[in-house]
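# Architecture and fold: a report
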Amino acid sequence: MTVTIGRRELLAALGFGAAAWPLAARAQQAAMPVVGFLNAASREGLTRRELQAFLEGLGETGYVEGRNVTIEYRWAEDQINRLPAMAADLVHRQVTVIAATGTPAALAAQAATTTIPIVFETGSNPIQLGLVASLSRPGGNVTGVTSMIVEVAPKRLEMLHELVPTARVMALRINPADRALAQT
């Protein structure tokens, strides 16, 4: 059984800084909501702060793992090619929502379902990636947050040059699997 939850509700519950997730209003349902957590890294690869923020976001809305929400973690262990099967497994398990952290996880989740709500976190432009139709009206079952890294990168380099005007060479590390970053 799939439970439909609004976008703003999902964002807060997943610790991404949006409004509250009032699943308490749905308390009459016997089944405990299940959050599918999909990540390309390993549990150790995700910073403790990031995972803690996710769990605290759930806690702030009254959800505590094991007490009134279940979390199904899927870690690709830096093997991005594993993400589609992991996303499909979460869909097969009929999770309530999928929290997809990072661009590869978000794209895998999106490819796996058009009905289960997906909340993503990405540094890329979600419109260019095809995750959402627009920032103000994402459409479909996908919503999330972005830091728009690609769009602000030129400004960051400009500021860095102002701070260190004698620098002649600057390096940038990117994930070539991130389509938006790899194309810049």
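An account of the accompanying structure is given in this report. Given the structure is predicted, the values throughout are model-derived calculations rather than measurements. (Residues numbered from 1 in each chain as written. Predicted model: local features only at pLDDT ≥ 70, side-chain atom pairs only at ≥ 80, totals over all residues. Heavy atoms only, no water.)

## What to know about the pattern of salt bridges
- Taken as a whole and assessed by the stated rule, the structure comprises four salt bridges.
- Here Arg74 and Asp89 are joined by a salt bridge, their closest N and O atoms 2.8 Å apart. Here Asp89 lies in helix H3 (residues 83–92) and Arg74 lies in strand E2 (residues 70–75), a separation of 15 residues in the sequence.
- Two residues, Lys155 and Glu158, come together in a salt bridge whose shortest N-O distance is 3.1 Å. (Salt bridge = Lys/Arg side-chain N within 4 Å of Asp/Glu carboxyl O. Helix = DSSP H or I, 4+ residues; strand = E, 2+ residues; numbered from the N terminus.)

## Looking at the sheet that holds strand E1 (residues 34–39)
- Judged by pairing direction, the sheet is parallel, and its five strands sit side by side in the order E2-E1-E3-E4-E5 without closing on themselves. Single-partner strands in this sheet number two, and they are E2 and strand E5 (142–146). Direction aside, neighbouring strands of the sheet carry axes that sit 15° apart on average.
- Pairing of strand E3 (residues 97–101) with strand E4 (residues 118–122) involves four bridges; the strand directions are parallel. Within E4, the residue paired with Ala100 across the bridge is Phe120.
- Helix H2 (residues 48–60) contacts E1, E2 and E3 of the sheet and is inclined by roughly 160° relative to E2. (Pairing = 2+ DSSP bridges. Axes fitted to C-alpha atoms, helices over the stretch in contact; angles between N-to-C directions. Contact = heavy atoms within 4.5 Å.)

## Notes on the packing of aromatic side chains
- Inspection of the entire model under this criterion finds four aromatic pairs.
- Arranged with centres 5.3 Å apart and planes meeting at 55°, the rings of Phe37 and Trp75 form a pair that is tilted. Here the residue Phe37 occupies a position in strand E1, and Trp75 occupies one in strand E2, the gap between them amounting to 38 residues. Accessibility classification places Phe37 together with Trp75 in one group, the buried group.
- Grouped by ring-pair contacts, the aromatic residues Phe37, Phe54, Tyr73 and Trp75 constitute a single cluster. (Phe/Tyr/Trp six-rings, centres within 6.5 Å; stacked < 30°, edge-to-face > 60°. Buried < 20%, exposed > 50% of the residue type's maximum accessible area, 1.4 Å probe, protein only.)

## Regarding unusual backbone geometry
- Even without being glycine, Glu77 reaches a positive phi, approximately 55°.
- Located in the positive-phi region is Asp78, a residue other than glycine, with phi close to 65°.
- Mapped onto the elements of the fold, Asp78 is located in the loop between E2 and H3.
- Look at Asp78 and you get exposed, because its relative accessible area is 60%.

## A short note on the environment of Pro126
- Within the secondary structure layout, Pro126 lies in helix H5 (residues 126–129).
- Judged by its relative accessible area of 1%, Pro126 falls in the buried class.
- The spatial distance from the C-alpha of Pro126 to the C-alpha of Met148 is 8.4 Å, given a sequence separation of 22 residues.
- Excluding residues within four positions of it along the chain, Pro126 makes contact with Phe120, Leu131, Val132, Leu135, Thr146 and Met148.

## Remarks on a nonpolar patch on the surface
- A cluster of nonpolar side chains, namely Leu157, Leu160, Leu163, Val164 and Met170, defines an oily patch on the protein surface of about 450 Å² accessible area.
- Here Leu157 shows up in helix H6 (residues 149–163).
- Given a relative accessible area of 46%, Leu157 falls into the partly exposed group. (Patch = residues over 30% accessible without salt bridge, like charges linked within 9 Å, V, L, I, M, F, W, Y side chains within 5 Å. Areas by Shrake-Rupley, 256 points an atom, 1.4 Å probe, with all protein chains shown as cover.)

## So, H2
- Given a rise of 1.5 Å per residue, 13 residues ought to cover 18 Å, and the 18 Å separating the end C-alpha atoms of H2 matches this to within 8%.
- Buried within H2 we find Leu51, Phe54, Gly57 and Leu58. For H2, the arc enclosing every buried residue in end-on projection is 120°, short of the 170-degree limit, so these residues lie on one face. For H2, exposure combined with an orientation more than 90 degrees from the buried face picks out Arg48, Arg49 and Glu60.
- Among the residues trailing H2, Gly62 stands out with phi positive, at a value near 95°. (Expected span 1.5 Å × (residues − 1). Arc of directions from axis to C-beta.)

None of this, on its own, says anything about what the molecule does.
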